[in-house]
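An overview of the molecular structure
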Amino acid sequence: MALAHLTQADLDSWVTQARRFTLQGRLPDYIPQLAQVDPRLLAVHTIADESLVSGDFAQPFVLMSVIKPFLLLFLLEQVGSDRVFQQVGTEPSDQPFHSIPQLKNDDGFPRNPMINSGAIALTGLMPKTSGSERCEAFRRWLNECAQTQFILDEKALASVRSLPNQTNRAIADLLVQRELLDRVDLAIDTYNQLCCLSGTIADLAQLGSLLAKPHKRISPIHQQMVSALMLTCGLYEVSGKFAVRVGLPMKSGVSGALLAIVPKQGAIACYSPAIDKVGNSVAGLFLVEKLAQELELSVFR
Ligand code: GLN
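These remarks concern the structure in this document.

On a plain count of helices and strands, the chain comes out with 14 helices and eight strands. Against the compact-globule benchmark of 19 Å for 301 residues, the chain has a radius of gyration of 18 Å, which places it among compact chains. If one aligns the C-alpha atoms of the chain with their principal axes, the spans along those axes are about 55 × 40 × 35 Å. Looking at the chain residue by residue over its 301 residues, the buried ones come to 58%.

The following block contains the structure:
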């Protein structure tokens, strides 16, 4: 079996089954715009030899933490892996994605690039311009490489800024003390802008293809590193559980975006805004698990 064997009828039927899970999660309350979306939205887009799509595919959404693996990929390409892994670790974490105790326990060195501390630390490797210039350079690179049309959602950014995230600031402070960053404001502004890149479910699936298949501008070693970290860390403290149940590199975001890479085949993108306590989309996880089990997609098969 393979992702290419998926039929439209099966996808539609699994999306119908997934709808009941949209009522089980909750919306994040610390970003006003995300707290106001319709929790019943649900979309899935798969790319293998062909693309299939089902659900509310026209609805754009912000990526939030789903951008993290691509920030990592970008910096691996720009500055190389030796420099990147002086800035951030490669170990999974059993703590929430914004855990300060964990960062303190680790002497201010971020466990991995899939949690907030890791991504905020990585912004320190970007050119010392402004958050807007950094985000724009990254956005262009991403859109060129992945053939996508991500834009910065200015309304979402204003919403994020309207309730300053004290946890992320405290994380950045610790990173400054550890000399991984020199400016808290610049790091937070860059991070917030990256999280507010917005596209459709088709864009998200297309982004996944960047890691799944050989690409003329991206080193296969870097694709491999990012995918391995998505498998071990992409769903935070439940990454191990889903490595067993699904067996695919994945990344979630608090907007309800969820991306699964099917190495050498393609990608599965889901969007459903209701998230569980960990911060992962409830219906999205149901769908990815369903597809992985029915189509035998685990990389360990
Ligand atoms: N911008 C969000 C935050 O820092 C992203 C977190 C996430 O998607 N898990 O809280």
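In any sheet, the strands associate via hydrogen bonds between backbone groups, in a parallel or an antiparallel arrangement. Reading across from one edge, 2-1-8-7-6 is the order of the five strands in this open sheet, with antiparallel pairing throughout. Each having just a single partner strand, strand 2 (51-55) and strand 6 (250-252) make up the two edges of the open sheet. Adjacent strand axes in the sheet meet at a mean angle of 10°, parallel and antiparallel pairs treated alike. As judged from the five bridges shared by strand 1 (residues 43-47) and strand 8 (residues 266-271), these two strands associate in the antiparallel manner.

The buried fraction of strand 8 amounts to six of the six residues, a majority that puts the element mostly inside the structure. Burial along strand 8 is two-sided: the face carrying Gly 266, Ile 268 and Cys 270 and the face carrying Ala 267, Ala 269 and Tyr 271 are both buried. Alignment of strand 7 (residues 257-262) against strand 8, held across six bridges, turns out to be antiparallel. Of the residues in strand 8, the one forming a bridge with Val 262 is Gly 266. In sequence, strand 7 turns back onto strand 8 through a hairpin of three residues, with Lys 264 there showing a positive phi of about 70°.

So, on to the layout of surface pockets. Each pocket or cavity is described by its volume, and for the largest pocket that value is around 340 Å³. Forming the walls of the largest pocket are 14 residues, and the residues nearest its centre are Leu 211, Gln 224, Ser 227, Pro 263 and Lys 264. Among the elements of the structure, helix 11 (201-212) and helix 12 (220-233) are those that each provide at least two residues to the lining of the largest pocket. The biggest single contributor to the lining of the largest pocket is helix 12, with six residues. Counted by class, the lining of the largest pocket contains nine nonpolar, three polar and two charged residues. Its boundaries defined by the atoms lining it, the second largest pocket holds a volume of some 190 Å³. Along its surface, the second largest pocket is lined by Val 238, Lys 241, Phe 242, Arg 245, Asp 276, Val 282, Leu 285, Phe 286 and Glu 289. When contributions to the lining of the second largest pocket are tallied by element, the ones reaching two or more residues are helix 13 (239-245) and helix 14 (282-294). Broken down by element, the residue count for the lining of the second largest pocket peaks at four residues, all from helix 14.

Once that is clear, we can look at the site of the ligand. Neighbouring the ligand are the residues Tyr 30, Met 64, Ser 65, Phe 97, Asn 116, Asn 165, Asn 168, Tyr 191, Cys 195, Tyr 236, Gly 253 and Val 254. In this structure, a nitrogen atom belonging to the ligand sits 2.9 Å away from a side-chain N or O atom of Tyr 236. Taken by itself the ligand offers 290 Å² of open surface, and the protein chains cover 98% of this. Of the residues contributing to the shell around the ligand, the split by class is seven nonpolar, five polar and no charged.

Basis of the calculations
Residues numbered from 1 in each chain as written. Predicted model: local features only at pLDDT ≥ 70, side-chain atom pairs only at ≥ 80, totals over all residues. Heavy atoms only, no water. Helix = DSSP H or I, 4+ residues; strand = E, 2+ residues; numbered from the N terminus. Rg over C-alpha atoms; globule rule 2.2 N^0.38 Å. Buried < 20%, exposed > 50% of the residue type's maximum accessible area, 1.4 Å probe, protein only. Pairing = 2+ DSSP bridges. Axes fitted to C-alpha atoms, helices over the stretch in contact; angles between N-to-C directions. 1 Å grid on protein atoms, 1.4 Å probe; cavity = no way out; pocket = protein on both sides within 12 Å on 5 of 7 lines; lining within 4 Å. Points joined across faces, edges and corners; volume = space filled by probe spheres on them. Nonpolar A, V, L, I, M, F, W, Y, C, P; charged D, E, K, R; others polar. Near = heavy atom within 4 Å. Polar contact = N/O pair within 3.5 Å; in protein donor to acceptor, adjacent residues only side chain to side chain. Areas by Shrake-Rupley, 256 points an atom, 1.4 Å probe, with all protein chains shown as cover.

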